[in-house]
Amino acid sequence: MSKNSALITVGFFIQFTTMAFGRFAYTLIYPEMMKSLDLSHTAMSMLGTGIVAGYLLNSHISGWLSNRIGAHRTVCISIFLTSFSLFILGYSTRFTVLLAASFVLGASASGAYIPLIHILNSVTGGKAAVFGFVMGGAGAGILMSGYLIPFLLSLQPIQGYSTSWYTLSLINTIVLVISIVFFRKELRGDGYTATILKRDGRLIPILIKHRRLQLVLVASFFVGFSYIIYVTYFGAYTVDELGFTIRSTGIMWSLFGINMIYVGIIWGMLSDRYNKIDMGLLSLISFFLSILIVTISRRELFFYISTFLFGFSFPGVLTVIISIISDLVPEESMSIIFGFSTLAHGGAQALSIPLAGLFRDITGTFIVPFTISCVVAGICILVFSVLKTMQKHTCA
């Protein structure tokens, strides 16, 4: 196996655990954890906000840290912190400790993700198909979580949520060992770290220069605001409000995961071959429809369709955004710009999670938060439509 292939494979498994477990597993554990600890939806939304806040804060710090100690070390430290925080979430019953662990979990997810994307961009030349394949690791992790977590929860009605967190921590630790072995081996040769230890470009001049980049970052913000409501509250909505079983909700969520495994590659290949703005619009329209379905329907069949469509579209949106950023900025500035994009993406999530939880507690239904999510997804389509118009004027 070539070095690039090995890097891409290891990146796939890093996303398999740090992103899938760190960002998406919470959705399935949420209902049982809330019942076992006797917490309100507002309190649980604070834990979700803690994950996003950690992700947000570290999205910029991780890029800076990569240039100080090396991206490979930043990635490995982050994977270790993922295992630690997953374990604490299952072990502790104190809300303040759980909130701190949630923050660390989110920080470790971005701490692994951003340096990994920078490495891939430096080594592979920013090919969208490569980004799509690595992001498919998160889909594989979500797929496994969709079957594994409901099974673990059924074994222990009260402490099943703890067993779930412990199991995810163990799996992530295995990936940590693999990553350490891989990066140590590469450091004996020419490795990958030397290609990324460049000084970051200045953020403000780059943003002022590129109006299209500004719009892409705006789109990243709104996508973050919209999608996090869906992934955070889907499990609570289906189980607590609609009365679906945990098993059926797990199967629905696995459809999301199945699509995330392979569609990132498809969207990436299409983006490399065809117009990226067009591919972004197509993925955003599918994204909007997936949220609209759960907003207007209460039939279980349509929720299967929704998660399938959500898993089909969401990786495409992220793949296209990463690829457009890679095209617009020089390689030495990729870390700081992508970090800022993730900052905008995460900042929106930190804002939307508590608002959505608050609206649910006030109104007694999740329909209001999902409606807000749907409206914001529509705004994303408008932003990309403006990008398309700008592109036509540039080409004219």
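Placed above this text is the structure.
We now turn to the structure provided with this report. (Residues numbered from 1 in each chain as written. Predicted model: local features only at pLDDT ≥ 70, side-chain atom pairs only at ≥ 80, totals over all residues. Heavy atoms only, no water.)

## Regarding the nonpolar core
The cut-off we apply is this: To form a nonpolar core, buried Ala, Val, Leu, Ile, Met, Phe, Trp, Tyr and Cys residues must be joined to one another through side-chain atoms within 4.5 Å. Here the term buried applies to any residue with accessible area under 20% of the maximum for its type, exposed to any over 50%, and partly exposed to those in between, with areas from a 1.4 Å probe on protein chains only. Any two residues having at least one pair of non-hydrogen atoms within 4.5 Å are treated as being in contact.
Core analysis: the biggest nonpolar cluster contains 116 residues, and Met 33, Phe 314 and Phe 384 have the highest contact counts within it. If sequence neighbours within four positions are ignored, Met 33 has contacts with Met 44, Leu 47, Leu 89, Leu 98, Tyr 161 and Trp 165.

## Digging into the environment of Leu 255
For the record, the criterion: The numbering of helices and of strands both runs from the N terminus, where a helix is a DSSP run of H or I of at least 4 residues and a strand a run of E of at least 2.
Assignment of secondary structure puts Leu 255 in helix H9 (residues 246-273). A sequence separation of 54 residues divides Leu 255 from Leu 309, and the C-alpha atoms of the two residues are 8.7 Å apart. Non-local contacts of Leu 255, meaning those with residues more than four positions away in its chain, are made with Tyr 304, Thr 307 and Phe 308.

## A short note on the packing of aromatic side chains
Applied cut-off: Working definition: rings of Phe, Tyr and Trp (its six-membered ring) pair if their centres are within 6.5 Å, and the pair is stacked with planes under 30 degrees apart, edge-to-face with planes over 60 apart, and tilted otherwise. Two conditions define a charge located above a ring, namely a distance within 6 Å from the ring centre to NZ of Lys or CZ of Arg, and an angle within 35 degrees of the ring normal.
Scanning all chains against the criterion turns up 20 aromatic pairs. Three or more aromatic residues joined by ring pairs form one cluster here, namely Tyr 227, Tyr 230, Tyr 233, Phe 234, Tyr 237, Phe 244, Phe 287, Phe 303, Phe 310, Phe 314, Phe 366 and Phe 370. Geometry around Phe 366 places Arg 360 over its ring, the cationic atom sitting 5.2 Å from the centre.

## So, the side chain of Thr 365
Selection criterion: In protein, a polar contact requires one atom able to donate a hydrogen and another able to accept it; more generally it is a pair of N or O atoms within 3.5 Å, and residues adjacent in sequence count only if both atoms are side-chain atoms.
On the secondary structure map, Thr 365 appears in the loop between helix H12 (334-363) and helix H13 (367-395). The class for Thr 365 is buried, based on a relative accessible area of 17%. Here Glu 241 takes part through its side chain, which lies 2.6 Å from a polar atom of the side chain of Thr 365. Engagement of the side chain of Thr 365 in a polar contact is seen with the backbone nitrogen of Ile 367, the distance being 3.1 Å. Those residues in contact with Thr 365 that sit more than four places away from it in its chain are Glu 241, Phe 359 and Arg 360.

## Description of the pattern of salt bridges
Under the convention used in this document: For this analysis, a salt bridge means a side-chain nitrogen from Lys or Arg found within 4 Å of a carboxyl oxygen belonging to Asp or Glu.
Inspection of the entire model under this criterion finds three salt bridges. The shortest N-O distance in the salt bridge between Lys 35 and Glu 32 comes to 3.9 Å. Of this pair, Lys 35 and Glu 32 both sit in helix H1 (residues 3-37), three residues apart, which is roughly one turn of the helix. The residue Asp 361 makes a salt bridge to Arg 360 at a minimum N-O spacing of 3.9 Å.

## Focus on unusual backbone geometry
As a rule of thumb, non-glycine residues mostly have phi less than zero, and peptide bonds are mostly trans rather than cis. With a phi angle near 55 degrees, Asp 38 is a residue other than glycine that sits in the positive phi range. Here Asp 38 lies in the loop between H1 and helix H2 (41-69).

## Details of the packing of H9 against helix H10 (residues 276-296)
To keep it simple, the criterion reads: Note on geometry: axes are C-alpha line fits, over the in-contact stretch for helices, and angles between N-to-C directions span 0 to 180 degrees. Here the term charged refers only to Asp, Glu, Lys and Arg, the term nonpolar to Ala, Val, Leu, Ile, Met, Phe, Trp, Tyr, Cys and Pro, and the term polar to all other amino acids, Gly among them.
Across the interface, H9 lies against H10 with an axial gap of 8 Å and an inter-helix angle of 145 degrees. Taking contact as the criterion, the partners of Trp 267, Leu 270 and Ser 271 in H9 are, on H10, Lys 276, Met 279, Leu 282 and Ser 283. Considered class by class, the residues forming the contact of H9 with H10 number four nonpolar, two polar and one charged.

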